[in-house]
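# Analysis of the macromolecular model
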Amino acid sequence: MQLNIHGEPMNKVRLKIDGVEIEAKAGQSILFAALNADKYIPHLCAHVSVSHLKDVVLSDCVYQGTHEVSGESAGKTVLEADAKGCGLCKVMVAGKDSPLPSCRITVEEGMEVITTCEELIRARQSALNRILTDHPHACLLCEQREGCSRTDCSMNVPVEERCCVLLGQCEIGKVADYVGYPKDLQKYIPPEEKCIIKDPLFIRDYSLCIGCLKCVRACREIAQADVLGAVLKDGKFVIGTHEPGDMPEAKCKFCGACVDICPTGAIRDREDVETPAKGKPLPCVHGCPAGIDIPAYVRKIAEGNLDAARKIILKSVPLPSTLGHVCFHPCEDHCRRSRLDNPVAICDLKRYAFESGDYPDPPVSKMKTGKQVAIVGAGPAGLSAAWLLSIKGHDVALYDEADKPGGFLRQAIPRFRMPEKALDKDLAYMEKLGIEFYGGRRLGDNLDARTLREFGYDAVILAMGTPRSKRIHVDGSELSQVLWGVDFLKDVISKRRKRMGGAVVVIGGGSVAVDTAMNARRLGAENVCIVSLESTSEMPAHPKEIKQAVEEGIVFHHGWGPAKFHGPDNVLEEAEFKACVSVFDESGNFAPRFADGKRMTLTADWVILAVGQDTDREAFGAEAGTLLKNRGLLPPESESVETWLPGYFAAGDIVHGPSSVIEAIASGKRTAISVDKFLGGDGVFDTDHGNGDGHEFNAKSVTLEGRKRPESTSPESRTKNFELIELALEPLAAEAEANRCLRCNIRQQIQPAYLPPESWLALTSGNLGTVPAKPGVCTLTDGTGKILRISGTPNMAILLEEWLEEEPSDVWGDSPIAVGVRKFRWEEDDMYTKRESELIQQHLQKYGEMPGGDDDMDDLF
């Protein structure tokens with residue numbers, strides 16, 4: 001430990017790098033001290049997220065698939081084996097005669113470091129020569145590499161000598177460009193046998209590996225999986241798995257830490273798999289309309305910390321228990337685990353988290369805004385908007401035609417899917433926000449949206465959904481035994497309809513149709529069938545719902561549309577159908593076509609038409625025709641701007657049509673953001689419930705076991721009552737299921753690699769001082785990155801001075817782009833005329849036009 005003049009430990013030291021004094025942490029390497037001070041030193045084997053290469057312990061053997069590779073110095077560290085790293089990070093230190101590896105040397109008080117000089121350039125290029133001997137690099141040297149497809153090579157480079165799909169994006173390519181290619185660069189000789197292994201999520205191409213060992217360290221230290229290892233063979237590192245076989249056999253956790261840290265593409269994502277890209281939501285989070293932090297709460301469940309899991313979920317949605325029962329979980333369609341076997345049971349885990357235990361108190365704003373918001377409709381969209389706006393400090397009042405809030409959730413969703421107590425638990429949480437509820441208020445009857453503003457509300461949100469059955473005309477639809485889907489579901493919930501016998505024919509292909517049929521079965525119908533225009537794959541209903549209906553003996557007839565209902569003395573006996581040839585046109589629009597003459601007749605004591613849902617047009621009175629032009633809905637932009645009067649917004653199904661509960665919640669959140677901004681807020685809501693999301697991710701506990709499924713009641717017993725079909729996961733099963741999550745967000749915790757500085761510089765007098773007065777080629781861009789000029793010159797410094805002094809109109813004509821946003825780069829080249837032609841040719845191949853969009857070559861210079 002270094003001591004100051006008083007003999008005390010020094011936490012900071014001062015040193016000079018290239019003549020500039022900087023401050024660094026004591027014990028830090030010169031490399032990271034320089035990088036933190038924005039002074040780039042090239043490197044490939046070092047990374048801020050993992051330990052030093054020298055500390056890696058070498059294995060006695062590794063496997064590339066089933067191929068075993070044995071090595072020397074097993075059990076020794078890289079340092080003990082006297083093996084070399086990349087050799088690119090060498091620097092000169094005052095008092096030392098030769099270049100030193102900056103990754104190994106720690107900073108000292110008063111140290112003076114030089115990061116670039118002729119000797120260092122030669123040393124680095126020599127190291128790069130050694131690295132590229134074992135790595136394909138022909139494409140890196142090609143003048144036409146930008147925009148190249150790598151398939152049609154004008155230089156006739158053999159395929160096995162070309163770079164991989166990461167050309168132009170990989171770390172090694174950027175570092176090599178920065179270091180510069182030695183004139184005596186050795187030719188890459190492809191191995192006789194390439195070892196390329198395609199795993200479910202990754203591709204391992206060992207011919208691209210340069211032995212930096214970053215993947216080995218990431219697997220061991222970040223993922224804590226210790227699946228990868230390395231041996232030293234003939235003076236070079238060889239990477240592989242500790243156990244033979246494909247990645248599942250080698251006990252890989254598939255977190256992707258190795259992929260994220262690899263500088264070459266030796267381990268890379270499959271192109272046909274959704275990838276957790278840096279700076280973007282993870283696939284599962286992206287798939288959730290409400291953006292719930294799924295990996296975070298799943299991890300907390302795996303740890304047995306349900307309080308933390310609940311806090312994380314409640315940051316994004318106000319109805320978690322409800323969603324645990326009825327969400328169609330689009331997130332699971334994006335779960336990367338499905339490439340191995342089945343997606344993680346994300347929705348079942350959410351339900352488990354709220355099956356027992358207390359909700360945390362909602363985060364109530366300490367500052368009231370004094371603004372009042374009226375929301376008409378207390379379904380999921382209205383409740384979601386009310387939740388966020390109340391948290392922000394606005395006073396919110398909910399109006400609904402029903403006596404209790406919940407909308408379709410309470411009035412129509414069957415109890416065998418969601419018990420009413422699940423909704424009530426969610427609403428009890430929301431009641432703590434002080435939201436006022438007024439039941440028995442129907443728009444167009446005893447509630448006028450226009451007068452709400454006059455009564456003092458600063459904003460009004462219409463969120464009444466699509467609460468009516470969509471009606472179509474069919475011959476005989478006026479018969480008393482012909483019912484309508486949404487009305488029927490509400491009658492069952494309210495117990496206005498308690499029995500139904502005989503043969504029931506349900507018409508429709510969505511969730512309402514399936515729920516209607518399953519309700520009819522429970523009311524005593526002996527025979528129930530569903531007739532739909534759509535095939536099984538085309539049906540809007542969720543596959544899980546269809547599967548449950550089939551289990552209960554409900555028969556499906558696909559490809560038929562209703563033609564006629566009839567029977568003697570106006571008593572229904574039969575339902576007649578016509579064959580449907582296609583449901584959608586070439587553009588995907590609903591446009592059914594029917595075959596002439598082909599009919600099907602079914603015996604029917606009851607027919608229930610469940611062909612869609614509709615808005616309550618009466619609520620809009622005489623203005624319905626004007627306002628509901630969007631297929632009977634309000635315009636989509638009503639989520640973000642006023643609908644037809646200042647201060648009026650809309651959310652949910654009344655905007656988008658019938659959708660899932662999670663989509664309605666997401667719509668309510670978007671509308672709340674717009675309303676808050678309209679009221680003078682910033683549209684940002686603090687929904688943090690406290691210490692719920694503090695976590696550090698690793699893949700140590702990830703298991704490759706199969707999906708844990710909750711128990712279901714048998715079809716024979718469940719059709720006799722309205723008890724829940726699906727039970728909640730048991731604690732042990734839930735924790736095991738949570739440990740099936742691959743922890744994809746580990747990759748987002750890995751710090752990005754320090755890359756060489758951007759080659760484009762702002763066209764300023766300060767930056768021109770770095771350009772030598774030598775022959776070369778200069779390129780100029782505008783503020784959007786569009787290349788305007790490519791010019792060869794015997795003196796680059798003079799040319800750039802001329803460009804700097806030009807008025808914007810000299811370069812852009814009437815374009816308003818400011819001088820300060822122009823950027824340039826330069827290349828020193830004695831044969832500048834030839835290089836200029838090459839760069840222009842590259843630009844033409846990539847963009848199909850001359851730089852600046854000009855066809856006149858003379859305007860480029």
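The sections below set out a description of the structure shown in this document. (Residues numbered from 1 in each chain as written. Predicted model: local features only at pLDDT ≥ 70, side-chain atom pairs only at ≥ 80, totals over all residues. Heavy atoms only, no water.)

## Some thoughts on unusual backbone geometry
Of note, the phi angle at Leu213 is positive, near 65°, even though the residue is not glycine. Looking at the element boundaries, Leu213 is found in the loop between strand E9 (202-205) and helix H5 (214-222). With phi around 55°, Gln224 is a residue other than glycine that occupies positive phi space. Turning to its location among the elements, Gln224 is positioned in the loop between H5 and strand E10 (228-233). (Helix = DSSP H or I, 4+ residues; strand = E, 2+ residues; numbered from the N terminus.)

## Things to note about the pattern of salt bridges
Evaluation of the coordinates by the stated rule reveals 51 salt bridges. In this structure, the salt-bridge partner of Glu171 is Lys214, at a minimum N-O distance of 3.2 Å. Of the two residues, Glu171 is situated in helix H4 (residues 171-179) and Lys214 in helix H5; the sequence distance between them amounts to 43 residues. For Glu171, a relative accessible area of 8% corresponds to the buried category. Under the relative-accessibility criterion, Lys214 is labelled buried at 0%. Arg220 is the partner of Asp226 in a salt bridge, and the nearest nitrogen-oxygen pair spans 3.1 Å. Residue class for Asp226 comes out partly exposed when judged on its relative accessible area of 38%. One connected set of salt bridges, linked through shared partners, spans Glu401, Arg442, Arg468, Asp616 and Glu618. (Salt bridge = Lys/Arg side-chain N within 4 Å of Asp/Glu carboxyl O. Buried < 20%, exposed > 50% of the residue type's maximum accessible area, 1.4 Å probe, protein only.)

## Some remarks on the state of the cysteines
One way to say it: the disulfide is the covalent bond shared by the sulfur atoms of two cysteines. For the coordinates displayed, the defined rule picks out zero disulfides. Cys170 takes part in no disulfide bond, and the closest cysteine sulfur, belonging to Cys164, lies 6.2 Å away. Owing to a relative accessible area of 11%, Cys170 belongs among the buried residues under this scheme. (Disulfide = S-S within 2.5 Å.)

## Description of empty space enclosed by the protein
Inspection of every chain in the model, using the stated rule, returns six cavities of 30 Å³ or more. In this model, the largest cavity occupies a volume close to 160 Å³. Around the largest cavity, the lining comprises 15 residues; the ones closest to its centre are Cys284, Cys335, Cys741, Leu742 and Cys744. Those elements giving two or more residues to the lining of the largest cavity turn out to be helix H7 (283-287) and helix H8 (294-302). Taken together, the residues of the lining of the largest cavity sort by class into 12 nonpolar, one polar and two charged. (1 Å grid on protein atoms, 1.4 Å probe; cavity = no way out; pocket = protein on both sides within 12 Å on 5 of 7 lines; lining within 4 Å. Points joined across faces, edges and corners; volume = space filled by probe spheres on them. Nonpolar A, V, L, I, M, F, W, Y, C, P; charged D, E, K, R; others polar.)

## Examining the sheet that holds strand E8 (residues 196-198)
Read from one edge of the open sheet, three strands run E8-E9-E12, paired in antiparallel fashion. Strand pairing shows two members of the sheet lacking a second neighbour, E8 and strand E12 (267-269), which therefore form its edges. The sheet shows a mean angle of 20° between the axes of neighbouring strands, taken without regard to direction. Looking at chain direction, E8 and E9 are connected through three bridges and run antiparallel. Looking at the pairing, Ile197 lines up with Arg204 of E9. (Pairing = 2+ DSSP bridges. Axes fitted to C-alpha atoms, helices over the stretch in contact; angles between N-to-C directions.)

## Observations concerning helix H12 (residues 380-391)
Since the α-helix turns once every 3.6 residues, residues separated by three or four places project in the same direction. Under the 1.5 Å per step criterion, the end-to-end length of H12 is 17 Å for 12 residues, consistent within 8% with the ideal 16 Å. Across the 12 residues of H12, 12 count as buried, placing the element largely inside the fold. Buried residues of H12: Pro380, Ala381, Gly382, Leu383, Ser384, Ala385, Ala386, Trp387, Leu388, Leu389, Ser390 and Ile391, and no others. Following H12 by one or two positions, Gly393 has its phi on the positive side, about 105°. (Expected span 1.5 Å × (residues − 1).)

## A look at the pairing of strand E23 (residues 574-584)
Across six bridges, strand E22 (residues 560-566) lies against E23 in antiparallel orientation. Note on E23: the bridge partner recorded for Phe565 is Ala575. In sequence, E23 turns back onto strand E24 (residues 590-603) through a hairpin of five residues, with Gly588 there showing a positive phi of about 85°.

## Re the packing of H8 against helix H9 (residues 306-313)
For the pair H8 and H9, interaxial distance at closest approach is 8 Å and the crossing angle is 165°. Between H8 and H9, the angle is such that the two are roughly antiparallel. Read as a crossing pair, H8 and H9 show a hand that is left-handed. The segment H8 lies against H9, with Ala296, Tyr297, Lys300 and Ile301 engaging Leu306, Ala308, Ala309, Ile312 and Ile313. (Parallel < 35°, antiparallel > 145°, perpendicular 65-115°, else oblique. Left-handed = near helix turned anticlockwise from the far one by under 90°. Contact = heavy atoms within 4.5 Å.)

## Description of the packing of H8 against helix H23 (residues 731-738)
Across the interface, H8 lies against H23 with an axial gap of 8 Å and an inter-helix angle of 135°. Taken together, the axes of H8 and H23 lie oblique to each other. Remark: the crossing between H8 and H23 carries left-handed chirality. Side by side, H8 and H23 meet where Val298, Ile301 and Ala302 of the first sit next to Ala734, Glu735 and Ala738 of the second. Class assignment for the residues of the contact of H8 with H23 results in five nonpolar, no polar and one charged.

## Details of the side chain of Arg162
Within the element layout of this structure, Arg162 appears in the loop between helix H3 (138-141) and H4. For the buried residue Arg162, which engages in no salt bridge, the nearest side chain bearing the opposite charge is Asp152, 6.7 Å off. A polar atom in the side chain of Arg162 sits 3.1 Å from the backbone oxygen of Thr151. One polar contact links the side chain of Arg162 to the main-chain carbonyl oxygen of Val157, over a distance of 2.9 Å. In this view, Arg162 contacts Pro136, Cys139, Arg150, Thr151, Cys153 and Val157; residues no more than four positions away in its chain are not counted. (Lys, Arg positive; Asp, Glu negative; His and termini not counted. Polar contact = N/O pair within 3.5 Å; in protein donor to acceptor, adjacent residues only side chain to side chain.)

## Details of the side chain of Glu161
Structurally, the position occupied by Glu161 is in the loop between H3 and H4. With residues up to four places along the chain from it excluded, the contact list for Glu161 reads Pro136, His137, Ala138, Lys187, Tyr188 and Pro190.

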